[in-house]
Amino acid sequence: MTEFDIVDAAAIREGRATDAYFERTEAALEHAGRNPRVVAEVTADQFPDGDFELFAGLKDAVALLEGRAVDVDAIPEGRLFDGGPVMRIEGPYLAFARLETALLGFLSHASGIATAGLDCRVAAPGSQVLSFGARHVHPSMAAAVERSALAAGLDGFSHVAAGDVIGREASGTMPHALSICFGRGEQEAAWRAFDEAVDESVPRVALCDTYSDEVDEVLRAVATLGDRLDGVRLDTTGSRRGDFRHIAREVGWELDVRGHDDVDVYVSGGLGPDDLRELRDVVDGFGVGGYVSNADPVDFALDIVEVDGELAAKRGKLSGAKDVYRTADGAHAVGLADRPAPEGAESLMEPVIRDGEVVADDAFDLDAAAERALADAAAVGYGTE
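Residues numbered from 1 in each chain as written. Predicted model: local features only at pLDDT ≥ 70, side-chain atom pairs only at ≥ 80, totals over all residues. Heavy atoms only, no water.

## Things to note about the UniProt feature "domain: Quinolinate phosphoribosyl transferase N-terminal" (unreviewed entry) in the protein chain
Quick reminder of the rule: UniProt positions are given in the numbering used here, feature names are shortened, and annotations may be inferred rather than shown by experiment. Strands are runs of DSSP state E lasting at least 2 residues, helices are runs of H or I lasting at least 4, and numbering of each runs from the N terminus.
Mapped onto the present numbering, the UniProt feature "domain: Quinolinate phosphoribosyl transferase N-terminal" (unreviewed entry) falls on residues 19–111. Across residues 19–111, the secondary structure splits into 35% helix and 25% strand, with the terminal C-alpha atoms separated by 21 Å.

## A short note on the domain arrangement of the protein chain
The test is simple: All the domain ranges listed were derived from an automatic or database domain assignment. What makes two residues a contact is simply this: any of their non-hydrogen atoms within 4.5 Å. Here's the idea: put two parts together, see how much 1.4 Å probe accessible area each one loses, and the total over both is what we call buried area.
Splitting the protein chain by domain gives domain 1 (9–113 + 297–380) and domain 2 (126–294). Taking only C-alpha atoms, the centre of domain 1 and the centre of domain 2 are 38 Å apart. Between domain 1 and domain 2, the contact holds 14 residues from the first and 12 residues from the second. Of the roughly 1100 Å² buried between domain 1 and domain 2 on both sides combined, carbon and sulfur atoms contribute 62%.

## Regarding the sheet that holds strand β17 (residues 350–354)
Heads up, the rule is: A pair of strands is considered paired only if DSSP assigns at least 2 bridges between the two. Here an angle of 0 to 180 degrees is reported between the N-to-C directions of two axes, which are lines fitted to C-alpha atoms, with helices fitted over the stretch in contact.
Spatially, 7 strands are ordered β13-β12-β1-β5-β3-β17-β18 in an open sheet, and the strand pairing comes out antiparallel. Unpaired on one side and paired on the other, β13 (310–311) and β18 (357–358) mark the two borders of the sheet. As defined by bridge partners, strand β1 (residues 37–43) adjoins strand β5 (residues 85–92) across 7 bridges and the pair is classed as antiparallel. Each bridged residue has a counterpart across the sheet, and for Val38 the counterpart in β5 is Gly91. Lying over the sheet, helix α3 (residues 58–65) contacts β3 (71–74), β5, β17 and β18, oriented at roughly 0° with respect to β5.

## Observations regarding the sheet that holds strand β15 (residues 332–336)
Reading across the sheet, the 3 strands line up as β15-β14-β16 and stay open at both edges, with antiparallel pairing between neighbours. Across the chains shown, the open sheet's two edge strands, defined by having one partner strand only, are β15 and β16 (346–347).

## Remarks on unusual backbone geometry
Filter applied, for reference: In this scheme, a residue with accessible area under 20% of its type's maximum is buried, one over 50% is exposed, and one in between is partly exposed, where area comes from a 1.4 Å probe on protein chains only.
Phi is positive for Asp308, close to 50°, though the residue is something other than glycine. Tracing the backbone shows Asp308 in the loop between β12 (301–307) and β13. Look at Asp308 and you get partly exposed, because its relative accessible area is 49%. Of note in this structure, Asp355 is not a glycine but carries a positive phi near 50°. Tracing the backbone shows Asp355 in the loop between β17 and β18. Residue classification places Asp355 among the exposed residues on the basis of a relative accessible area of 62%.

## A word on empty space enclosed by the protein
Note the cut-off: Here a cavity denotes a set of grid points, spaced 1 Å apart and computed over the protein atoms alone, in which a 1.4 Å probe fits but from which it cannot get out, and a pocket denotes an open set meeting protein on both sides within 12 Å along at least five of seven lines; residues with an atom within 4 Å of a point are reported as lining. Grid points are joined across faces, edges and corners, and a volume is the space filled by probe spheres set on the points. Lys, Arg, Asp and Glu make up the charged group, whereas Ala, Val, Leu, Ile, Met, Phe, Trp, Tyr, Cys and Pro make up the nonpolar group; the residues left over, Gly among them, are polar.
This model, assessed by the stated rule, comprises 1 cavity of 30 Å³ or more. In this model, the largest cavity occupies a volume close to 90 Å³. Elements supplying a minimum of two residues to the lining of the largest cavity: β1 and β12. Looking at side-chain class alone, the lining of the largest cavity contains 4 nonpolar, 3 polar and 4 charged residues.

## Digging into the pairing of strand β10 (residues 264–268)
Selection criterion: For the handedness criterion, the strands are oriented away from the viewer, and a crossover whose path from the first strand over the helix to the second runs clockwise is classed as right-handed.
Among the 5 residues in β10, 4 count as buried, and that is most of the element. Looking at chain direction, strand β9 (residues 231–234) and β10 are connected through 4 bridges and run parallel. When the bridges of β10 are listed, Arg233 appears paired with Tyr266. Two strands pair when backbone bridges link them, and β10 and strand β11 (residues 285–288) are joined in this way by 3 bridges, in the parallel orientation. Within β11, the position partnered with Val267 by the bridge is Phe286. You can see the chain leave β10, run along helix α12 (residues 273–279) and come back into β11, and the turn it takes is right-handed.

Dropping the structure here:
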């Protein structure tokens, strides 16, 4: 028994984070003296259908496969895909058989979160958008959530330990609990204590909807912190929110007419892409939570498509090693890897591992992934109405 219900990194690396039938498969193949050289592909959908998703999780997948007798090609993190493989593995089957469960978990969960993050990013392209959803997932998932959100182009995240893991600093100012600890009518004391105690590098963003009307608390925050106030955040619960757009416009108006138009207005609390589109012209930034962190995983599968150089696939799957392309018109295309690409098309697959050695670190560079996500979104018209 462990203190927390967490499968540790050693178990993942050693292949214990697997479905039991892969252990049985290994035993059967070793007993029969068989270990064919195979080509296996990770796919969600076989043919393009216009439903793009964002690829993420490659960093962890590569860490799992590194040092094993395999060659791996994959599309880089932050690229949109629509059918066909996102990863191709070639090597002796027993070199990676028991890793399938963890491999698909790395890619499926991260890609689902990244896709939801991109939904929010393209819904408010000119606004600051932060990931606030780590509280909705198991703590062991927090770094994967926040990293996937950043790969989608979000501007930051809230989870401190996740920041330690991925080498980025967490964002955030204050919860309602701070004001509640000071008591009703003492919001000024809470804002003042925050200002006096928290490092100067942290923006002074006051939460302004704990006890009274949003405009009332905003103006009181301005009076309390004056020019030190960088912004205000509205996080009113859905049951009391009313017309959130009208509230945000009213807050902005009252700040403006009093000469405080430099105070930014942020909103959070159960927001999704439709909310961001509705509010993006009247607020400066958003905190998005469950829409991103609770995203459904992409339903990836890993299938053998060649065995010892011969075409092979189970019923309902496409045999043969494949490549995927971005066509000149922004569409996605799938073809056999040993045939010419469509005219004017760009191959999305790149070498990542050769004979166990990583050969493409930039394929999962986080900043590059975010740039690719935004460029691909523009190229394919992702999220446009």
